[in-house]
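# Observations on the three-dimensional arrangement
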Amino acid sequence: GGQRPAIGQGSGFVFQPKDKQLANKTYILTNNHVVEGAGKISVKFYDGREFEAKVKGTDPKSDIAVIEIDARGMPAVRLGDYAQLEVGEWVVAIGNPFGLSHTLTVGVVSAKGRTTLGISDYEDFIQTDAAINPGNSGGPLVNLDGEVIGMNTAIFSRSGGYMGIGFAIPINLVERIASQLIEQGEVVRGYLGIMIQPLTPDLAKSFDLTTDKGILIAQVTKNSPAEKAGLKPGDVILNFQGRPVSDTGEFRNRVAAEQPGSKVTFDIIRDGKQRTVSVNIDKLPDSKQVAQEGSQASDKLGI
């Protein structure tokens, strides 16, 4: 006999694009890993209605996907303001853990801006202690005003189940990516062409720097915008667009958010002297064409 088809489960929520959607379509947001490689996608609502869905667009780099169903009048969630979200604020995670549909768990925001976890290429996670388990992926993280402020995506676990640390993608990032997927069918990111690493105190000392704030350029890709602008390995980036940089993950997100064709400025230190460099941002090539900064995967991270 042949292999039985695998059945996966996850969560999602109805999204209303700013420029309005087609009258007979409903868009649903979820994680890319929930729908990736699926031969058939079925969506079941709280009232029992079930629809066959098709993928509108996916972005594996941020683990976000948009699927669509042929239905009208589905109520969409209200989106909150991630910038207003504070550590310690109460939040509610809603989803389908272990196939137990429409489960609601409560906790607080434990941290914001978690990066370099090795879960996806572009990370800026909300950390929460609201219980998130396998099957919650793609579901909404909601504030006490009933507004979605994140998409539940991953857990930190040694057992495969809940251990008090869950991660959600901020809704501002989800909304931006989803809008691009709906309007353009793909996500366009800014590209510099550098490999970076944190500037540790030891590295700062070896470069005779008086500060350990900033990010070190370890490598510059040939014919990249960075090389054309004169950036070199060993340069230390202090500021990007007038704002200080220190976290490599946050820096990558900021560069990616820049529109290709735009001009950006860097304050750097080279040979002990500070200077300003302008770079014309390009479009991020396909990952097959360019070496990406290696993500530090961990067997402690479960999805």
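What counts and how
Residues numbered from 1 in each chain as written. Predicted model: local features only at pLDDT ≥ 70, side-chain atom pairs only at ≥ 80, totals over all residues. Heavy atoms only, no water. Helix = DSSP H or I, 4+ residues; strand = E, 2+ residues; numbered from the N terminus. Expected span 1.5 Å × (residues − 1). Buried < 20%, exposed > 50% of the residue type's maximum accessible area, 1.4 Å probe, protein only. Phe/Tyr/Trp six-rings, centres within 6.5 Å; stacked < 30°, edge-to-face > 60°. Lys NZ or Arg CZ within 6 Å of the ring centre and 35° of its normal. Core = buried A, V, L, I, M, F, W, Y, C linked by side-chain atoms within 4.5 Å. Contact = heavy atoms within 4.5 Å.

For an α-helix, the turn length of 3.6 residues means that residues three or four places apart are oriented alike. Across its 14 residues, helix α2 (residues 171-184) extends 19 Å between first and last C-alpha, which sits within 8% of the 20 Å expected from 1.5 Å per residue. In terms of burial, α2 is largely enclosed, as 10 of its 14 residues are buried. Regarding α2, the residues found buried are Ile-171, Leu-173, Val-174, Glu-175, Ile-177, Ala-178, Ser-179, Gln-180, Leu-181 and Ile-182. Where α2 ends, the next residue or the one after it, Gly-185, has phi of about 80°, a positive value.

What follows deals with the packing of aromatic side chains. Geometry of an aromatic ring pair is reported as the spacing of the ring centres plus the angle between the planes. A complete count under the given rule lists 5 aromatic pairs for this structure. With a centroid separation of 5.8 Å and 50° between ring planes, the pair formed by Phe-125 and Phe-167 is classed as tilted. Residue Phe-125 is located in strand β9 (residues 125-128), and its partner Phe-167 is located in strand β12 (residues 166-170); the two are separated by 42 residues in the primary sequence. Residue Phe-125 is classed as buried on the basis of its relative accessible area, which comes to 1%. For the ring pair Phe-240 and Phe-251, a centre distance of 5.7 Å and an interplane angle of 75° mean the geometry is edge-to-face. Of the two residues, Phe-240 sits in strand β16 (residues 236-240) while Phe-251 sits in helix α5 (residues 248-257), which places them 11 residues apart along the sequence. The same class applies to Phe-240 as to Phe-251, namely buried. Directly above the aromatic system of Tyr-82 lies the positively charged group of Lys-112, at a separation of 4.3 Å from the ring centroid.

Turning our attention to the nonpolar core. Counting 21 residues, the largest nonpolar core has Phe-13, Leu-29, Val-66, Ile-169, Val-174 and Ile-177 as its most contacted members. Broken down by secondary-structure element, the contributors of at least two residues to this core are β1 (13-15), β2 (26-31), β5 (64-69), β11 (147-156), β12 and α2. Among the elements that take part in this core, α2 stands out by supplying 7 residues, more than any other. The contact partners of Leu-29, leaving out residues within four places of it in the chain, are Ser-11, Gly-12, Phe-13, Phe-15, Ala-65, Val-66, Gly-138, Met-151, Val-174 and Ala-178.

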